[in-house]
Amino acid sequence: MQKYVSPRVDVNELILIEEQETDVKCGKCNKPMHFQIYYKEKETFDFLVCKECNIFLQRIIVEDEK
C-alpha cells in the first residue's frame, strides 16, 4: 500500500529526473499537482508536488497491517 507524507528527505539535495502532470488537484489552490521522481545515491524518491503552493508530499510504500 502507498501513502503520501511530509518529505522525509531534503528535496534540495536530490536530482530531479522525471516529472508528469497528474489528475490530482491541490487541496489548497485546486490546480493540478505534478508527480516528480528524484534521485540520490542509487535511490529514487517519488513526490506529489504543487508548484503553485510549493507543497511536496513524499510517496512511501507501507506493508498492510493485519
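Residues numbered from 1 in each chain as written. Predicted model: local features only at pLDDT ≥ 70, side-chain atom pairs only at ≥ 80, totals over all residues. Heavy atoms only, no water.

Draft legend 1. Summary view of the state of the cysteines. Within the structure shown, the criterion is met by zero disulfides. You can see Cys-29 has no disulfide; the closest cysteine sulfur is in Cys-50, sitting 3.6 Å from it. Given a relative accessible area of 1%, Cys-50 falls into the buried group. (Disulfide = S-S within 2.5 Å. Buried < 20%, exposed > 50% of the residue type's maximum accessible area, 1.4 Å probe, protein only.)

Draft legend 2. Spotlight on the sheet that holds strand E3 (residues 32-40). Strand order in the open sheet formed by five strands is E1-E5-E4-E3-E2, and the pairing between neighbours is antiparallel. Each of the sheet's edge strands pairs with one partner strand only, and the pair in question is strand E1 (2-5) and strand E2 (15-25). Between one strand axis and the next, the sheet turns by 30° as a mean value, whatever way the strands run. Bridging between E1 and strand E5 (residues 55-61) involves four bridges; their strand directions are antiparallel. Counted as the bridge partner of Gln-2 is Ile-61 from E5. (Pairing = 2+ DSSP bridges. Helix = DSSP H or I, 4+ residues; strand = E, 2+ residues; numbered from the N terminus. Axes fitted to C-alpha atoms, helices over the stretch in contact; angles between N-to-C directions.)

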